[in-house]
Each structure stands twice: as structure tokens, then as C-alpha cells.
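Structural overview for review
Each chain, letter by letter, is given below.
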Amino acid sequence: MAALLMPPLRPRKDRVFRGTISHLTNLNDDELRRRYRFGKDSIAYLCNLLQDRLRRPTNKATALTVEQQVCIALRYYASGSFLQVIGDTLGYDKGTVSRVVSDVTDALIGIKDDFVSWPTDVDSINRIKCGFYRQSNFPNVLGCIDCTHVRIQAPSDDEPSYVNRKGYHSINVQAVCDFEGRFTNIFANWPGSTHDSHIFNTSTLSNYLQTNHRGLIDGVILGDSGYACRPYLLTPYANPTERHQQRFNGCHASTRSVIERTFGILKRRFHVLHSEVRMKPEKVCRIFGACAVLHNIAVSRNEPLVNDDGAGVRLDQPVQVPAFLGVQDGRNTREHVARSFFNH
């Protein structure tokens, strides 16, 4: 009798294993870059780099290869489309695409320290200082810092804190880059309403610089007026009146523009960061980190943007900065640099 009252069981849906055409053999490098942002050799490099983390521990013929997983994730990062659209385009189920994107993102985060790292050895520090000076004539610069917003769907938890000053929901991500537009530090952990200076003050980079910075000899980072001027973080003069202050501000703006260009290139290369990311905030942070790793790999391998070319800068020895023996605070350090290099 009880069996007669039970609702009829829904017939189980058969599993369908859909094949896919390997674009790596059917498309040239330009066509691959339009779809995946990487050429054939670079995709092979990524597959080799991630194979230990992505290889499935099974002998099933239907298991996805490392190449398939990498291509699915790259297609998602590059297009920013719905997971369902990515699946329909490449011939996979939406659930498969979701799992693959998560796995590849975790794999890229796992190797982040190999590609996104703060310069600590003398050769790397000198190379970066020289590159900035060659580009903009600003001495002793180790990097440029700024924050960028990644739009997200309204989260269910603590929703108001994710509304930024422009009125939409976002994650506020702090990053530092070198003169080539390569990220050297990423801090993606705060909702959109958080001020840039607070993000910096709570970052591991700020703690590292406070603990280890020995003055101008170690170099400085450049930030906009949203940050506090410190011995290791120089900001522009709020009201420049003297010539050297005005020249300092002009050179500061020209040098610091590299971080804004880098954010623009990153979001142009990976549209997932330019559109609204339909994931939980913590996953969006990891997506940004994964794309930053891929961006640095693209810079290292000279992967151009579609219809775009880049040029590197090289110099052997950094310009010498006069020793500063005055009060070691941000304002005095900035004045010393401005008078030493921009007072003519």
C-alpha cells in the first residue's frame, strides 16, 4: 500500500561522454591566442607545468587529459562566458567545466610563488631599478602599487561591504608590478568598499617593508595619493609649489602609470576579470591569482595580446641615489629624492 503512495521514480539520465576536437592541431597560433590567449608552444608549456597537479589518477578512457583541462580553463579565463556556454562550445557538460576551472585554478595558485614573487636578490632588484629608470628617469623604484576592482554578483553574506564607491559589488585587489608589467605581489582578500590604504596596511608586503626596509638603498614603491607617504612608499605632493616638486609629480605619474596599464592588459587578456564573475568572493580572489600567474607567464614568454606587441627594457646597473641621512620618514625621503633628481 505504501508503495502505491510513493511518487513515481524519475528515470535516470544516461551519462553522455562527448568528445572534443583538439584545437591545438587544427588552429594556428594567432587563432589559438584569440581563443585561449596563448600560442601552441605556450599551451604545451602550461600543460607540462601543471601535469603533476592535473593528471587524473585513473585509467578510464573518458578521463580528461591535462591538455583538455588546461584548454577548458583558458577558454573560461579568456572569454568570461557562462560555464554552460563554455561547455556547449567545447563539447563538455557544465558540471565538468566547473570542476575543471576549479582544479586548474587551484593548480595555478599552487605554483604562484614560482611566478609572482617579491624581488629579494641583488640582480633582480638592480634589474628592476634600471628598467624603471630607463623608462621614466625615476631612480630606485622597485615597483608601482595600486588596487583594481573585479565585479562580482551580490554575495549573500555581508553584502553591503562589497559595494564599492562606484555603486557595484566587487573585490578590491592590490597588486605591485615591475617596469615590464610583471606582477611581483598580489593581495586579493578584501571586499570592494575597503580603502586602498587599509588593504596595504594589512598586507604582508607592508609588514615586510616595515621590518626589512633600510632606506633608499633598498628602493621604493610608488603609489597614488590614496596611500600614506612613507620611506618605502612615495606618493605625489598634494600641493606642489616649487619646480622640483612639480617635476617630481610629473615623473611620478609617468612611472606609476605602468600599474594602470598592467591592469588594463590583464583584463583585456582575461575577460573573466572584466565582466561580472558569477562565483563566491573567495573563488573570485583565486581566479584573479590564477590569471596573474598566467599573465606573468605570458610576459615571460613574450606572448602578445591579440593585435598587440610589446618591448622589453634592459640595463645593467641602476643609477646611484645620494645617501639620505635625514629623518627617515616618507615626507623627508620624498623631498630628498625630488631635490636630488628634479631640481633643474
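The structure contained in this document is the topic of the report that follows.

Thresholds, definitions, all that
- Counting restarts for each chain: residues are numbered from 1 in the order of the written sequence.
- In keeping with the model being predicted, local features are shown solely for residues with a pLDDT of at least 70 and side-chain atom pairs are shown and tallied solely at 80 or more, while totals for entire chains, interfaces and linings include all residues.
- Side-chain metrics in this entry use all non-hydrogen atoms of the structure; hydrogen atoms and water are not considered.
- Residues enter a nonpolar core if they are buried and are Ala, Val, Leu, Ile, Met, Phe, Trp, Tyr or Cys, with the set joined through side-chain atoms within 4.5 Å.
- Exposed residues in this analysis have more than 50% of their type's maximum accessible area, buried residues have under 20%, and partly exposed residues fall in between, with area computed by a 1.4 Å probe over protein chains only.
- Contact criterion: two residues are considered in contact whenever any of their non-hydrogen atoms come within 4.5 Å of each other.
- Labels follow the DSSP assignment, with helices taken as runs of H or I lasting at least four residues and strands as runs of E lasting at least two, numbered in each case from the N terminus.
- By this definition, two strands are paired if DSSP reports at least two bridges between them.

Next up on the list: the nonpolar core. Counting 75 residues, the largest nonpolar core has Y77 and F183 as its most contacted members. When residues no more than four places from it in sequence are discounted, the contact partners of Y77 are V101, V104, T105, L108, F270, H271, V272, I287, A290, C291 and L294.

To continue, consider the pairing of strand 2 (residues 170–177). Two faces make up the sheet, and in a regular strand the side chains alternate between them. Counting buried positions over the 8 residues of strand 2 gives 8, a clear majority of the element. Sheet topology note: the strand 1 (residues 141–151)/strand 2 ladder contains 8 bridges and is antiparallel. Note that in strand 2 the partner of C147 across the bridge is Q174. Alignment of strand 2 against strand 3 (residues 183–191), held across 7 bridges, turns out to be antiparallel. Bridge assignment links I171 to a residue of strand 3, and that residue is P191. Linking strand 2 to strand 3, which pair antiparallel, is a turn of 5 residues; within it G181 sits at a positive phi near 80 degrees.

This next bit is on unusual backbone geometry. The phi angle at R37 is positive, at roughly 75 degrees, despite the residue not being glycine. Turning to its location among the elements, R37 is positioned in the loop between helix 3 (29–36) and helix 4 (40–54). Take R37: its relative accessible area is 11%, and that puts it in the buried class. You will see that N302, though not glycine, has its phi angle at about 55 degrees, which is positive. Structurally, N302 can be placed in the loop between helix 13 (281–300) and helix 14 (330–341).

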